Amino acid sequence: MDRLPDDALLEVLLWLPPEDLLACRLVCKRLGTLAMHPHVWRRKCCSVSAASCACPVLRLAPCLGLLQVTLPLKNCLHLYTTRCAVSRLDLLVDKYMKDAALIIHRQSFLLRLKSVTVTLGQYRVGQYLTFDAGVAILFTTLASTCGLTYLKVRAEFGSGLSFDMTQSLQSIAVPSSIKTFIFEVGHALSQTYIVRRAALWALALLSVLPRLPALQELSLDWHTDELLRGINPTTAPALRILSLHCGAVRPCTPGPAHRDAFKSLFSANPSVKVKVTRSCTRCL
């Protein structure tokens, strides 16, 4: 091993899992130094939950490619003080919005964060007030994150929850650097509820789009005719890809008005590539 150059050893270390890399620190000084090289860690993945603590990695690793966090956490305070810079962050939040905001804020300070996926867990009736306040805190923190280019928000709600997301959507503040924005409402909501609320969600989302001048890709698992007509170079000047997963949550209802909405979308956005699921191809 002493005859191998550092570059060769680094390529070998790339194939080791995080726990083995940490063990390499105990072999010798040279190998321990190489095992902590950022090149070795920049594509590594790490998961943190109540059942699996990753404090050694968060305390020692210089960076990570992906950090997956399932809240709540009891004994992993290193998430809030770590110097391990992450490029992709996946958060399963449930009701612990402030904890998620602290994690995002810490990674924002480390200046490597480019992608955030937030899954808002299921809520029971009576928790929506906390949800509204938490969403404001969470997305205000996201708005202050420099260099963020990818944001995915997935909202999972209990089927018994009569909660209107319109106010939360309108309060979403996201960085203007966002290039890809994916918004999904989940499958726990009934189709009747989605049909009743989708028009309000569409108006709220249209008010968000002008705040994203760099947005190049928008993906939704629901849509309305009003939303299709509202997407244009004024509301989304940089948009290049629009993905509509029509049958995923809300079934598509083909008809003259629906086809006219698609025609309006195409005529207003000739440079936008529209991707639709098979259930909606008959509307084009």
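Going by the structure above, here's the rest.
Reference entry: report on the structure contained in this document. (Residues numbered from 1 in each chain as written. Predicted model: local features only at pLDDT ≥ 70, side-chain atom pairs only at ≥ 80, totals over all residues. Heavy atoms only, no water.)

Looking at soluble globular proteins, one finds that nonpolar side chains tend to be buried together. Trp41, Val48, Leu67, Val69 and Phe181 are the most contacted members of the largest nonpolar core, which has 75 residues in total. Ignoring sequence-local partners within four residues, the contact set of Val69 consists of Val48, Leu79, Leu89, Asp90, Leu91, Leu92 and Ile103. (Core = buried A, V, L, I, M, F, W, Y, C linked by side-chain atoms within 4.5 Å. Buried < 20%, exposed > 50% of the residue type's maximum accessible area, 1.4 Å probe, protein only. Contact = heavy atoms within 4.5 Å.)

It is worth spelling out the pairing of strand 1 (residues 45–48) at this point. Side chains of strand 1 alternate between two faces, with Cys46 and Val48 buried and Cys45 and Ser47 left unburied. By the bridge criterion, four bridges tie strand 1 to strand 2 (residues 63–70) in an arrangement that is parallel. By the bridge assignment, Cys46 is partnered in strand 2 with Leu67. (Helix = DSSP H or I, 4+ residues; strand = E, 2+ residues; numbered from the N terminus. Pairing = 2+ DSSP bridges.)

As a further point, take helix 6 (residues 97–110). For an α-helix, the turn length of 3.6 residues means that residues three or four places apart are oriented alike. Compared with an ideal rise of 1.5 Å per residue, which puts 14 residues at 20 Å, helix 6 spans 20 Å between its outermost C-alpha atoms and is within 8% of the ideal. All of the buried residues along helix 6 are Met97, Ala100, Ala101, Ile103, Ile104, Arg106, Gln107, Ser108 and Leu110. Following helix 6 by one or two positions, Leu111 has its phi on the positive side, about 65°. (Expected span 1.5 Å × (residues − 1).)

Pairing is parallel in the open sheet, where nine strands are placed in the order 1-2-3-4-5-6-7-8-9. Two strands in the sheet have a free side with no partner beyond their single neighbour: strand 1 and strand 9 (273–276). Ignoring which end each strand starts from, the neighbouring axes of this sheet average 10° apart. Both strand 2 and strand 3 (residues 85–92) contribute to a ladder of seven bridges, which runs parallel. Bridging across to strand 3, Leu67 finds its partner in Leu89. The strands touched by helix 6 are strand 2, strand 3 and strand 4 (115–120); relative to strand 3, the strand with the most contacts, the crossing angle is about 170°. (Axes fitted to C-alpha atoms, helices over the stretch in contact; angles between N-to-C directions.)

Bringing the pairing of strand 7 (residues 217–220) into the picture now. Looking along a regular strand, one sees side chains alternate from face to face of the sheet. By the bridge criterion, four bridges tie strand 6 (residues 180–184) to strand 7 in an arrangement that is parallel. In the strand pairing of strand 7, Phe183 is matched with Leu220. Bridging between strand 7 and strand 8 (residues 241–244) involves four bridges; their strand directions are parallel. Looking at the pairing, Leu220 lines up with Leu244 of strand 8.

Take Val185: it is sitting in the loop between strand 6 and helix 9 (191–208). Separated by 65 residues in sequence, Val185 and Leu120 place their C-alpha atoms 9.6 Å apart.

So, on to helix 11 (residues 256–268). Between its terminal C-alpha atoms helix 11 stretches 18 Å, which fits the 18 Å expected from 13 residues at 1.5 Å a residue. Structurally, helix 11 contributes buried residues whose contacts are with helix 10 (225–230), strand 8 and strand 9.

Tracing the backbone shows Thr180 in strand 6. By relative accessible area, which is 13% here, Thr180 ends up buried. Residues within four places of Thr180 in sequence aside, it is in contact with Thr149, Tyr150, Leu151, Leu215 and Glu217.

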